Amino acid sequence: MTKVRTRFAPSPTGFLHLGGLRAALYGYLFAKKMNGDFILRIEDTDQERFVEGATEVIYDTLRDCGMNWDEGPDVGGDYGPYIQSQRKDTYLPYAQQLVESGHAYYCFCTKEELDERRAAAEARGEVFKYDKHCMHLTKEEVQAKLDAGVPYVIRQNAPTEGETSYHDEVFGDMTFPNDVLDDMILIKQDGMPTYNFANVIDDHLMGITHVMRGMEYLSSTPKYNLLYNAFGWDIPTYIHMPPVMRDATHKLSKRDGDAYYSDFVNKGYLPEAIINYLALVGWNPGNDREFFTLEELVEAFDVGRINKSPGIFDVEKLTWFNWEYIRKMDFEKYLAMVTPWFDKVLAGKGIDYRRLAQLMQERTEVFNRVPDMVKFLGELPEYDIDLYTHKKMKTNPEVAKAALEMVKPVIEGIDNWTEETIHDVLMAAIAQAGLKNGAVLWPLRIAISGQASTPGGAIEIAWLLGKEETLRRLDAGLAKLA
RNA sequence: GGCUCCUUGGUCAAGCGGUUAAGACACCGCCCUUUCACGGCGGCUACAGGGGUUCGAAUCCCCUAGGAGUCACCA
């Protein structure tokens, strides 16, 4: 049995978006599951859309996620080069071979002419299809134009009747009538192959056994098969994948501005969480399991369980995955990762990051939410005295005032500023006063934090703030309640 | 418009002729609790519609509707 070889073939037109990442992921998972090779090929035949640096972004993203390729532009391999623009010269001879065998022909119609005719057809409500005009040129006519240096393209000579069928591992048996097949361009006027052509040539030359790609290629696959047949090559196994959607009617695209892998990483999403979640949009292991490392995904992956219907990308669920990953993260790693986020609002404030991190780790869903959650430690926010009213704690501004007055001298008397001491002293004082814990601790926490929700209770916060700052904020609260 | 694909709760989804139609996220209650959380318990919502086939359809067939893709010298 031949070794499985899959490929991820992105165009370097910008950042890698999540739909593309998932395509790469499935290709990687399948190859590894089958003990095969995963190949990275850069499809840059469209020079107008080429974006500087985009190739590096693809490398970085894939590596970041742990998907290493066995062959590719930077790691080499026996089937290189792996960048299509560097393979430019390999395509033309194949196209010419097709011209020889009658499966393709030279076309001298200009883009402008074609655009006009296309517009005219559309105006008539018809679908434009190239009429094989240039196919009827005689050999001599063609040669004369070629000799005269007339710009040309090479088109596929597609059949106009009958139908073409193929099998897809996800979608099953597909049949398309041939009369909808247009004579697609194989070689562009600039000498570059089109994606449609290069992809067939390269997949064959690179020994790709399983072609995995988005389902938008479902309807052009017959044209590719015609090419394989014309060359007498084996048709690869097709695995078309459903798209990742933004909502029911829109694909997740670059236009959303929020679909790039890097957008999520910058917000504080973990690569592991992104990969884990992405794997589950469009595929499932057949059981209830949701958490997988990349290695575990390889183990569990099964092409037969790829869904046919599009899946909507749910940020809420991704966030949940991220949070779970953060909670399970090694504490020292968390501390290192959260520090820059603390610094955004607490730099130079003298807060004990280690203790704060302990309090924050299980509350961190996404890192970019951290600053807002801890900002109050650096500076007491403006707050309304309504916060002192809490039904369950049985507090209101009057009760709060009394509680703060009671607690102030107690805190002033604490010399050994540790959480344990603060806790013990406070609890003793509350018990002695015959009050409920909540009736005192709620107002205290409000006074020193200025907000209803905080990472940790009054005691932890008081400790983090330090005795001096705690008392200062207590006085401010008292002044507010006066 | 032609061709192709898709259609189970708000979302991801299990299911592949017989189930009380799983599970997860989200949401809503209750409990716990010095806040918010966490945790525990419980709840809410689904087979697009209509015809068949069958003793029996979410599961098979047909039609309709809705959505998506494609019809480039973009990939």
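Residues numbered from 1 in each chain as written. Chains lettered and ligands numbered in written order. Predicted model: local features only at pLDDT ≥ 70, side-chain atom pairs only at ≥ 80, totals over all residues. Heavy atoms only, no water.

A separate point is the overall build of chain A. The helix and strand tally for chain A stands at 19 helices and 11 strands. With the principal axes as the frame, chain A shows a C-alpha extent of 110 × 50 × 35 Å. A buried classification covers 49% of the 482 residues belonging to chain A. Working note: accessible area of chain A is about 23,000 Å², and carbon and sulfur atoms make up 50% of it. Side-chain charges of chain A comprise 53 positive and 74 negative groups, with the mean position of each set lying 4 Å from the other. (Helix = DSSP H or I, 4+ residues; strand = E, 2+ residues; numbered from the N terminus. Buried < 20%, exposed > 50% of the residue type's maximum accessible area, 1.4 Å probe, protein only. Areas by Shrake-Rupley, 256 points an atom, 1.4 Å probe, with all protein chains shown as cover. Lys, Arg positive; Asp, Glu negative; His and termini not counted. Charge placed at Lys NZ, Arg CZ, Asp CG, Glu CD.)

The subject of this paragraph is the state of the cysteines. For the structure shown, the criterion picks out 0 disulfides. Here Cys109 stays free of any disulfide, with the sulfur of Cys134 as its closest cysteine sulfur at 3.6 Å. (Disulfide = S-S within 2.5 Å.)

For Asp173, the position within the fold is in strand β6 (residues 172-177). Exposure remark for Asp173: the relative accessible area of 65% places this residue in the exposed category. Apart from residues no more than four positions distant in its own chain, Asp173 is found in contact with Tyr166 and His167. Within the structure, Asp173 has its side chain in polar contact with the side chain of His167 (distance 2.8 Å). (Contact = heavy atoms within 4.5 Å. Polar contact = N/O pair within 3.5 Å; in protein donor to acceptor, adjacent residues only side chain to side chain.)

Let's shift gears to the protein's contact with RNA strand B. Close contacts around RNA strand B come from 61 residues, with Lys188, Gly282, Asn284, Arg363 and Lys392 the closest. When atoms of RNA strand B within 4 Å of the protein are split into backbone and base, the sugar-phosphate part holds 69%. At 3.4 Å, a side-chain N or O of Ser219 approaches a sugar or linking oxygen of RNA strand B. In this structure, a base oxygen belonging to RNA strand B sits 3.0 Å away from a main-chain N or O atom of Gly457. Those elements that place two or more of their residues in the surface near RNA strand B are α4 (111-123), β6, α6 (195-205), α11 (315-328), α16 (419-433), α17 (437-449) and α18 (458-465). Taken together, the residues that form the surface near RNA strand B break down as 24 nonpolar, 18 polar and 19 charged. (Near = heavy atom within 4 Å. Nonpolar A, V, L, I, M, F, W, Y, C, P; charged D, E, K, R; others polar.)

To continue, consider the packing of helix α15 (residues 397-412) against α16. Two elements in contact, α15 and α16, have axes whose closest approach is 10 Å; the angle formed by their N-to-C orientations is 140°. Pair α15 / α16 crosses with right-handed handedness. Contact residues: α15 offers Met406, Val407, Val410 and Ile411, while α16 offers Val425, Leu426, Ala429, Ile430 and Ala433. In terms of residue class, the contact of α15 with α16 is made up of 9 nonpolar, no polar and no charged. (Axes fitted to C-alpha atoms, helices over the stretch in contact; angles between N-to-C directions. Left-handed = near helix turned anticlockwise from the far one by under 90°.)

Okay, the nonpolar core next. In this structure, Leu21, Leu62, Met67, Phe197, Phe342 and Leu377 are the most contacted members of the largest nonpolar core, which totals 135 residues. For this core, the element with the highest residue contribution is helix α1 (residues 18-33), accounting for 9 residues. Core analysis: the next-biggest nonpolar cluster, separate from the first, contains 9 residues, Tyr105, Cys107, Leu114 and Phe128 among them. (Core = buried A, V, L, I, M, F, W, Y, C linked by side-chain atoms within 4.5 Å.)

Glancing now at a negative patch on the surface. Together, Glu52, Glu56, Asp60 and Asp64 make up a negatively charged patch on the protein surface. With respect to the element layout, Asp60 can be found in helix α2 (residues 54-64). (Patch = residues over 30% accessible without salt bridge, like charges linked within 9 Å, V, L, I, M, F, W, Y side chains within 5 Å. Salt bridge = Lys/Arg side-chain N within 4 Å of Asp/Glu carboxyl O.)

Here we come to unusual backbone geometry. The linkage connecting Gly80 with the following residue, Pro81, adopts the cis geometry, with an omega of -5°. Mapped onto the elements, Pro81 comes out in the loop between α2 and α3 (88-100). Positive phi is not limited to glycine here, since Lys132 has a value of about 60°. Within the element layout of this structure, Lys132 appears in the loop between α4 and α5 (139-147).

Remember that the coordinates give geometry; whether it matters functionally is a separate question.
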